[in-house]
Amino acid sequence: MNTERKTYTVEQISEDFQYNEAEGRGLYGLAGKLVIQPEYQRNYIYADGKRDVAVVESLLKGYPLGLIYFNVAEGGQLEVLDGQQRITSFGRFVTDRFAIIDDNGMPQYFSAMASDKQKKILDAEILVYECEGTETEIKEWFKTINIAGVPLNEQELLNAVYSGPFVTEGKAEFSNSANANTARWGAYISGSANRQDYWATALEWVSKGDVGDYMSQHRFDDNIREVKTYFNSVLDWVSGIFEDVEPEMKGLEWGRLYEKFHNQPYSSKVLKEQIRELYGDPYLKNRKGIWEFVLGGGQDADRRLLDIRVFDDATKKSTYAKQTADAEAKGISNCRTCAEGHPGNATRIYKFAEMEADHVTAWTKGGGTIASNCEMLCTSHNRAKGNR
């Protein structure tokens, strides 16, 4: 890959700057010669009143913005390889898309600034390396660099590697913060449109976890119908069987749960009552496990999903001491199951370390994690015990 070092001013790069405010996309600069956000680039994520302002303040203080890399594409067209966030920030500022706060605490747009400050920004020099090479070389280079301290996440890297019409369509649908559907998606999916989280989730679900292979196979598809159909099927299923949306539902593995449970019949009313009861259970520590638990029928074996509070050591030791004393007085095993139906160990007295605590009445049948509902069983019988 060949590189050439050049210097541009902010004014040159910002000439005929075009930006799509609704989609958060910086489009062109350098009078149309520079593509600021090619297919493999992430969305603009600096529009937070902090990082975008910091870029402008750096220019006013004469601080360098760091190296920026352009890719020389066919016909001499330039693409931003690294530096899109910084370029979009100062491009948005000089075209009055946002203001900074002046020394008097007042918002100040570029067009209202003193001419000497305007000149300082526009004349600021930006050091650029223009790179020219094969698509593979360019994308490998792209994967090795960070953007102003914000590393590329996995999906952004995959977008770069498999850029093409499929990624373009996917980003237009799932990485567009102006899409009215993002409010619904955000109830069930963690992250944001700008960082590709909804796009990544949609691909994760439809590919059953093999996102890279799926993107490779569909790289040159001109539509994302399969992705959208599957994604909407999952969310329609979730919202259809669960009447209420709770905070803990956000970020669950809905794609996996859909594959596992969507062919089973459910009553939304029954599920709602079960979830309400679990919400009020003082022994339940992991509410995020509630939905998979009820979808699976609320089996005692699935209590691990809820991280049910276990008996503390003091309760276990006092229960062991009482059981052992009673068993020795009767000449039977201190494991009730052994005493009742295991001839070989019917009189065996187990050590404390050889036993485990369990609920006399199963937690799923209303048994609390309290001393009066605790019993000690030998390890083998406790682990074989079912929901009875």
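Residues numbered from 1 in each chain as written. Predicted model: local features only at pLDDT ≥ 70, side-chain atom pairs only at ≥ 80, totals over all residues. Heavy atoms only, no water.

S.K.: Would you mind showing me how to read the overall build of the protein chain here?
M.R.: A tally of regular secondary structure across the protein chain gives 17 helices and 11 strands. The globule rule puts the C-alpha radius of gyration for 388 residues at 21 Å, and the 31 Å found for the protein chain is more than 25% above it. Overall, the protein chain is about 95 × 50 × 45 Å in size when its C-alpha atoms are taken along their principal axes. Classification of the 388 residues of the protein chain by burial places 47% in the buried group. Of the contacts formed within the protein chain by residues at least 6 apart in sequence, a portion of 64% connects residues at least 24 apart. As presented, the protein chain carries roughly 19300 Å² of accessible surface, and 48% of it is formed by carbon and sulfur atoms. Positive and negative side-chain charges in the protein chain, numbering 46 and 58 respectively, have mean positions lying 7 Å apart. (Helix = DSSP H or I, 4+ residues; strand = E, 2+ residues; numbered from the N terminus. Rg over C-alpha atoms; globule rule 2.2 N^0.38 Å. Buried < 20%, exposed > 50% of the residue type's maximum accessible area, 1.4 Å probe, protein only. Contact = heavy atoms within 4.5 Å. Areas by Shrake-Rupley, 256 points an atom, 1.4 Å probe, with all protein chains shown as cover. Lys, Arg positive; Asp, Glu negative; His and termini not counted. Charge placed at Lys NZ, Arg CZ, Asp CG, Glu CD.)

S.K.: Can you help me understand the environment of A325 in this one?
M.R.: Mapped onto the elements of the fold, A325 is located in helix α15 (residues 313–330). Classification of A325 as partly exposed rests on a relative accessible area of 44%. Spatially, the C-alpha atom of A325 lies 76 Å from that of P38, the residues being 287 residues apart in sequence.

S.K.: Just checking my understanding: could you explain the pattern of salt bridges for this structure?
M.R.: Applying the stated criterion to the full structure yields 22 salt bridges. Notably, a salt bridge pairs K208 with E259, separated by 3.9 Å at the nearest N-O pair. Here the residue K208 occupies a position in the loop between α9 (197–207) and α10 (211–218), and E259 occupies one in helix α12 (residues 254–261), the gap between them amounting to 51 residues. Note on E259: relative accessible area 39%, which makes it partly exposed. (Salt bridge = Lys/Arg side-chain N within 4 Å of Asp/Glu carboxyl O.)

S.K.: Please explain the nonpolar core as it appears in this structure.
M.R.: One broad rule of soluble globular proteins: the nonpolar side chains tend to lie buried together. Ranked by internal contacts, the top residues of the largest apolar core, which has 49 residues, are F174, V227, W237, F242, W254, I290 and W291. Looking at this core, the elements that each hand over two or more residues are α7 (165–174), α9, α10, α11 (225–241), α12, α13 (268–279) and α14 (290–295). With 8 residues, the top contributor of residues to this core is α11. In this structure, W237 is in contact with W254, L257, Y258, F261, H262 and L295, ignoring residues within four places of it in sequence. Membership of the second largest hydrophobic core comes to 34 residues, among which are V10, F17, V55 and L65. (Core = buried A, V, L, I, M, F, W, Y, C linked by side-chain atoms within 4.5 Å.)

S.K.: Before we go on, may I ask you to explain the packing of aromatic side chains in this structure?
M.R.: Enumeration over the complete set of coordinates arrives at 19 aromatic pairs. Plain terms: the ring middles of W205 and F231 are 5.3 Å apart, the flat faces sit at 25° to each other, and that makes the pair stacked. With W205 in helix α9 and F231 in helix α11, this pair connects stretches of sequence that are 26 residues apart. We note that W205, like F231, is buried. (Phe/Tyr/Trp six-rings, centres within 6.5 Å; stacked < 30°, edge-to-face > 60°.)

S.K.: How do you make sense of the side chain of H381 when you look at a structure like this?
M.R.: Inspection of the secondary structure puts H381 in helix α17 (residues 379–384). Once residues within four sequence positions are removed from consideration, H381 is found in contact with C335, T337, C338 and H342.

S.K.: Just checking my understanding: could you explain α10 for this structure?
M.R.: Those residues of α10 lying buried are V211, Y214, M215 and H218. Along the axis of α10, the buried positions cluster into a sector of 95°, meaning they face one direction only. Of the surrounding secondary structure, the elements contacted by the buried residues of α10 are α6 (154–161), α7, α9 and α11. (Arc of directions from axis to C-beta.)

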